[in-house]
Amino acid sequence: MDIKISTLEISASAVKLVVGYELEGSPYVLYANKVALSQAISAGEIVAPDQVINAIKVLAADAREALGETISEVVLALPTIDFEVFRGTQTTNTLSNKIDRIDIKNIMALFRKNRVDPNKVIVAILPQVFKTDSDQVYRLLPLGEVSNTLTVEAFLHVLPIWIYNSYIETVQKAGLKVRKVYPDKYALTELLNSPATATNTYFLVDFGAKQTSITFVSNHNLYFSRIINEGSDDLTYLLAQKYGLELKEADRLKIDFGLDHRNVSVNFPLATGIGERGEEIKVFLSDIYSTCQTFLNSHLQKVLSEIKIVGKSQNMPNLNKYPLLFVGGGSTIYNYEEIIGSDRSFPDKYIVKLDTIGARDLTYAVNLGLIKAYSKYAQDIGDEKASIGTLTRS
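Since we're looking at a predicted model, the values are computed, not measured. Numbering of residues starts from 1 in each chain and follows the order in which that chain's sequence is written. Given that the model is predicted, a residue must reach a pLDDT of at least 70 before its local features are reported, and side-chain atom pairs must reach 80 or more before they are shown or counted; all residues, however, enter totals for whole chains, interfaces and linings. For side-chain calculations, the full set of non-hydrogen atoms in the structure is used, while hydrogens and water are omitted.

Student: Explanation requested: the sheet that holds strand β10 (residues 149-160) in the structure shown.
Tutor: For sheets, the rule is that strands pair by backbone hydrogen bonds, running either parallel or antiparallel. Pairing in this open sheet of four strands is antiparallel, and the strands run β7-β10-β8-β9 from one edge to the other. Single-partner strands in this sheet number two, and they are β7 (84-93) and β9 (137-138). Sheet topology places strand β8 (residues 120-132) next to β10; eleven bridges connect them, and they run antiparallel. Within β10, the position partnered with Val 129 by the bridge is Glu 153. Every residue pair with non-hydrogen atoms within 4.5 Å of one another is taken to be in contact. Working convention: axes come from line fits to C-alpha atoms, limited for helices to the stretch in contact. Angles between N-to-C directions cover 0 to 180 degrees. Helix numbers and strand numbers start at the N terminus; a helix is a DSSP run of H or I with at least 4 residues, a strand a run of E with at least 2. Taken strand by strand, helix α2 (residues 101-113) contacts β7, β8 and β10, and its axis lies near 135° from that of β7. We call two strands paired when DSSP finds no fewer than two bridges between them.

Student: I would appreciate a short explanation of the layout of surface pockets in the present structure.
Tutor: In this analysis a 1.4 Å probe is tested at points of a 1 Å grid over the protein atoms alone, and where it fits but cannot get out there is a cavity; an open set with protein on both sides within 12 Å along at least five of seven lines is a pocket; lining residues have an atom within 4 Å of a point. Grid points are joined across faces, edges and corners, and a volume is the space filled by probe spheres set on the points. In this structure, the second largest pocket spans a volume of roughly 540 Å³. In terms of lining, the second largest pocket is formed by 22 residues, of which the most central are Pro 127, Glu 190, Asn 193, Lys 376 and Asp 380. Looking at the lining of the second largest pocket, the elements that each hand over two or more residues are β8, α4 (184-192) and α9 (365-380). With six residues, α9 is the largest single contributor of residues to the lining of the second largest pocket. As a working rule, the residues Ala, Val, Leu, Ile, Met, Phe, Trp, Tyr, Cys and Pro are called nonpolar, Asp, Glu, Lys and Arg charged, and the rest polar, with Gly in that last group. Its residues assigned to classes, the lining of the second largest pocket shows nine nonpolar, six polar and seven charged.

Student: What's the story with the nonpolar core in this structure? I'm lost.
Tutor: Across soluble globular proteins, nonpolar side chains have a tendency to be buried as a group. Residues belong to one nonpolar core when they are buried, are Ala, Val, Leu, Ile, Met, Phe, Trp, Tyr or Cys, and are joined through side-chain atoms within 4.5 Å. Burial here depends on accessible area, computed with a 1.4 Å probe over protein chains only, as a share of the maximum for the residue type. Under 20% is buried, over 50% is exposed, and the range in between is partly exposed. Grouped together as the largest cluster of nonpolar side chains are 83 residues, with contacts concentrated most on Ile 10, Leu 76 and Tyr 182. If you tally residues by element for this core, the top one is α9, at nine residues. In contact with Tyr 182, not counting residues within four places along its chain, are Val 75, Leu 76, Ala 77, Leu 78, Ala 124, Leu 126, Leu 370, Ala 373, Tyr 374 and Tyr 377. Counting 42 residues, the second-largest nonpolar core is a separate cluster that includes Ala 240, Ala 271, Leu 296 and Leu 319.

Student: How should unusual backbone geometry be read in this particular structure?
Tutor: When glycine is set aside, most residues are seen to have a negative phi, and most peptide bonds are trans. A positive phi angle is found at Asn 97, which is not glycine, with a value near 65°. Take Asn 97: it is sitting in the loop between β7 and α2. Take Asn 97: its relative accessible area is 46%, and that puts it in the partly exposed class. Of note in the backbone geometry, Asn 315 takes a positive phi value of approximately 55° without being a glycine. With respect to the helices and strands, the residue Asn 315 is situated in the loop between α7 (285-313) and β17 (324-327).

In structure tokens:
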């Protein structure tokens with residue numbers, strides 16, 4: 001699918017813009033960049049919209065200069081907060097006794113008329129099965145098939161209206177239109193929906209800057225997501241506080257050295273901090289290792305405990321048969337494999353590695369998933385011709 005797609009993620013750490021298209025099932029990136037945010041997002045809420053708007057404008061201008069064309073609309077990721085999944089079925093009469101694009105668009109309109117909750121909105125409709133009046137079942141839209149009716153079974157992704165409205169309004173104030181939205185965790189599952197992923201059923205652990213999300217995926221379909229309010233920035237703050245470092249320096253040490261415990265012939269300090277009484281604090285490799293190891297082991301146990309709680313609430317026995325797939329900036333900390341390898345309760349744990357032309361950085365994983373998600377939608381339903389806007393409660 002060679003539709004050029006501009007994707008935008010507004011995360012706790014940065015606004016990220018990626019432009020690309022799908023090539024043989026993988027995202028091909030033409031442009032990728034980000035602008036860091038400082039306390040602009042709190043628990044998914046945009047609390048400093050002007051900062052976010054300015055970041056979007058900076059990225060749009062940079063992309064225009066890099067690509068030689070103006071970015072006017074984007075496919076937008078929404079935070080998976082208070083997220084729900086429903087399964088629905090709709091049927092419509094075909095207009096010409098054979099299935100056409102207009103019929104599936106009518107079906108989508110019928111789905112959107114359903115309000116499952118007055119405070120929530122359907123943000124994504126994901127067709128799973130297409131049926132004709134002769135009960136023939138198809139996985140892809142059977143264009144041109146003779147039938148008086150078209151029936152579609154689909155997963156419906158639902159998020160709070162306040163999330164939907166606030167994110168779209170912020171993007172619009174930055175001068176861009178929103179072509180379509182998807183939950184960010186669904187975008188990640190679409191990115192992983194490829195032959196390179198060893199399994200289609202797993203727990204996805206997104207170790208982000210401010211939060212860590214745990215999402216259960218079965219047969220490449222997202223079912224539920226939970227959040228732990230601890231992320232890799234908490235480790236940065238711990239290093240900065242403990243050794244009297246600037247946050248930027250603490251973050252560099254975390255990423256570059258993290259769990260590096262190599263024996264070095266010359267034990268020289270990696271950095272020098274300032275203590276509370278103004279004394280000089282020399283920071284050695286062993287200091288970074290021990291602090292990171294303690295924090296990351298504790299963080300992993302919180303993740304595993306949350307999975308077990310979820311398993312009980314969802315009546316899921318034998319949880320440890322499901323692999324754990326780790327993504328997010330926290331999973332890029334140097335030698336993070338040591339932490340997940342030290343736990344034996346879940347034998348299969350992997351850090352996701354990207355094989356994407358143009359952007360192999362996990363920082364852009366959600367954007368890359370948006371490219372795949374929208375390409376799939378455009379193939380099944382057709383490319384959007386109009387942007388979407390905010391909603392009011394009815």
